[in-house]
Amino acid sequence: MNLRLLPALLVFLACSLPPAGAALRPWKNKSGAAIEAEMTGVDVAARTITLKRVDGQVFTIPIDLLSDEDKAFAAAEWQKMQSAPAAPASPAAAPKAPAKAGAAAAQPAPPRPAIAVTPLKGFKAPAAADYLRGVQKTRPRLVHTAAGWQYLKTQAASHPVAGKLLENLKAGGEKVLEAPELTRIFGEMRSTVTPGSKALFRLATLGALHQVDGDPRWQERGVRELIAITDPTVFTNWYVDEVAVLADFLTAASLGYDFFRAGLNVQQATAVRTYMVEKGIGALVAHLKGEPIPESARGRAPGTTASKAPAKAPAKKAEGSEDPDAEHMAGASALILAAICLADEDPSAAKSAVDAAAKIFGRGLQMFAPAGIWPEGMEAGETVLDYAILVLQTLKANGGSDFGFSLLEGIPQAGLARVHLVGPTNQLFNYGDSNATALSRPWVSTWLAGVHGNMGTKALSAGSVPGADTAHLNLAGHFLYFNPHAAGEGVPDSLDYGTPGGLVAALRSGWDKEALYVALKGGDNSFAHNQLDLGDFILESGGTRWGIELGSESDRAPNFKSTDRSKRYALYVEGTPGQNTLWMGDNQELDAKAQVLFTHSTPELAMAAVDLGKAYSKAAKDAVRGIQLSRGAKPQVLIQDEFSVKNTSPVVWSMHTRAEVSADGTTAVLTDKGKTLHAVLLSPAGARFTVVDAPEPENEQMKKLTGIRVLKVDLGQVKGAQTIAIAFAPGEAPAATPVKPIAEWLPKR
């Protein structure tokens, strides 16, 4: 069997399946215009229905624009969708975890709606002008129009979770009222908690309270906060060299201007708009175009003393690539939101913003296909979605359509990825330049659940009262996107995750904290923020993460920010030696990509494989890494590598761990807090385990790896076909398993 043909074949079959939904019928609006289409979904919060024509084109229509007859039909059809069973479980369906003793059991989430995912092939992203065509002339219009705010107000009055969310949001708002307005902090912004992300939280929180609660104090403080962040005597600029901070400020100001426009007098409104255009839109447009930042965006008039250092551009991909990274997407999303905010009051600035952002935004959302994972990793992908969702929700609120983005292949799957790439220890698979141990923007899951149904996330709770210096949307995000699907307890359909052509596969023995879990990644080395880690894996059992990720190197380490990527990847944590993968005498190829070849799942056994051929193309050919997880009373994991060395090359297999490790020939025992994980080296004959400490940093700026050990299999200099197979089991040695070629793993049809 040619393993490389599997992804294309399986993706073709998946995209060829007929979509679920009602039959074709004529749909009319109140003016009598009609289209023939099938109803494929309903967005309760946005009060829209999704229709799909026979030619595949998707339309999102406000329910209130339908004829009375079609409104009634849609309501009946929606009831059928809600009463239909959720998608059939795979053979390895996941049982629901039992509720804790003494804890009030959350209500199950409603059945997921029937949706038709739009295949990436043939999808056409909207043109720049399309983003402004449906903009309403009234305010508020960002995130929600008046109808959307009324829906949230109703939910807060009728749903206990929404009511408690609003209660905590009010308490957080009171803390903002007690705090002084934001002021500029000097120095480099080295964290995600910045004046920009704080401004975003404050203006989103005050705006939501103003729209739903109506207490005049919220608007009065919102106006003051907006004027403070756009006052050039307080903020000379919005940290124009820091793209993420700049995007947060422009997003915050756009929300504030829209939510509190009625509280601004003419002079104040003009001053806020001028600042937004010059120091927000102007700077971000320059970043996305790769042009110098205008001096006016820095707080200086044209012709005055120029800055001492050139402006930093967003991190770019390897030369020749056109794919945006997370910073590009943050900037593009902020520009589109600002354009919709100012479309009627400054159409020229709005056009400039969407012209620079549209292509990047459209291409970026397509990069989640096919399996819902952003190429730079889960943390970066969550950031991208956080910004993009503000745009998608705003588009729906204004014109009734987000141009099909929310149903585009990859976006519906993002909620599934967020469930499966968190292990039983509740830690994230934090590969790439990520030090996060958990997903930090859970309101992204709240929005995804409202659009696609709950893929298996825990029921939304009201959380705790946020403080005045909270960053990003936080609790306001959960309230803005509140829906019954997120408020209910989700149940995953399967224990396993992976899509042919995707970037990551994950297998587990159960959904309890003690379960055995292994996740394996492919990826794309060409992104500047990625590590050379194709084939990397993590391993958990017994509530312990045994195979760990080292996270990101310190950004102060020598050459970490070098434009010469080979210098950056000489750093241990960033290069191939610092990953749980193979090393063949040198780093992996800088432009290499690796995809999931296949996944297979039964109640007894799960498996997946990733094609690593391009990662080691200089040293070897046909490199494949496979993982198997045997379920049952004594679960175990198999990690197997197959490759053919072209000439003679050193080959080293590595796994990093915080556990104590004792190795004896072909066996090793890892111990942590009284728990053990046993490893057996099944192949090749004559190879042995060794254990070393992770290297000491070469200088004080580099990341310290104290307490981290590396379990290794060093083959020395080898040539020709090689197989490395290692079995792991918790508590006792894994059962003896014959080594079988990965090409023979899948059952014969």
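Residues numbered from 1 in each chain as written. Predicted model: local features only at pLDDT ≥ 70, side-chain atom pairs only at ≥ 80, totals over all residues. Heavy atoms only, no water.

## Remarks on the packing of aromatic side chains
Evaluated as defined, the whole model comprises 15 aromatic pairs. A ring pair is formed by Trp653 and Phe728, whose centres lie 6.5 Å apart and whose planes are at 25 degrees; its orientation type is stacked. Of the two residues, Trp653 sits in strand β15 (residues 636-657) while Phe728 sits in strand β20 (residues 709-730), which places them 75 residues apart along the sequence. Over the ring of Trp27 we find Arg25, and its NZ or CZ is 4.6 Å from the ring centre. Here the basic side chain of Arg217 rests over the ring of Trp218, its NZ or CZ set 5.2 Å away from the ring centre. (Phe/Tyr/Trp six-rings, centres within 6.5 Å; stacked < 30°, edge-to-face > 60°. Helix = DSSP H or I, 4+ residues; strand = E, 2+ residues; numbered from the N terminus. Lys NZ or Arg CZ within 6 Å of the ring centre and 35° of its normal.)

## Comments concerning unusual backbone geometry
Each neighbour pair has its own omega, and for Ala369 with Pro370 the value is 0 degrees, a cis peptide bond. Looking at the element boundaries, Pro370 is found in the loop between α11 (347-366) and α12 (378-399). A positive phi angle, close to 65 degrees, is found at Phe403, a residue other than glycine. Here Phe403 is to be found in the loop between α12 and α13 (411-420).

## Notes on the packing of helix α9 (residues 266-289) against α11
Packing of α9 against α11 leaves a shortest axis separation of 10 Å and a crossing angle of 30 degrees. Looking at the two axes, α9 sits roughly parallel to α11. Considering how the two elements wind past one another, α9 and α11 form a crossing that is left-handed. Contacts between α9 and α11 pair Val277, Ile281, Val285, Leu288 and Lys289 from the former with Ala349, Ser352, Ala353, Ala356, Ala357 and Ile360 from the latter. (Axes fitted to C-alpha atoms, helices over the stretch in contact; angles between N-to-C directions. Parallel < 35°, antiparallel > 145°, perpendicular 65-115°, else oblique. Left-handed = near helix turned anticlockwise from the far one by under 90°. Contact = heavy atoms within 4.5 Å.)

## Description of the sheet that holds strand β9 (residues 544-547)
With antiparallel pairing, the 4 strands of this open sheet are ordered in space as β5-β6-β8-β9. With one partner strand each, in any of the chains shown, β5 (504-508) and β9 form the two edges of the open sheet. In this sheet, neighbouring strand axes are inclined to one another by 20 degrees on average, regardless of whether the strands run parallel or antiparallel. As paired elements, strand β8 (residues 537-541) and β9 share 3 bridges and run antiparallel to each other. Bridge assignment links Leu539 to a residue of β9, and that residue is Gly547. (Pairing = 2+ DSSP bridges.)

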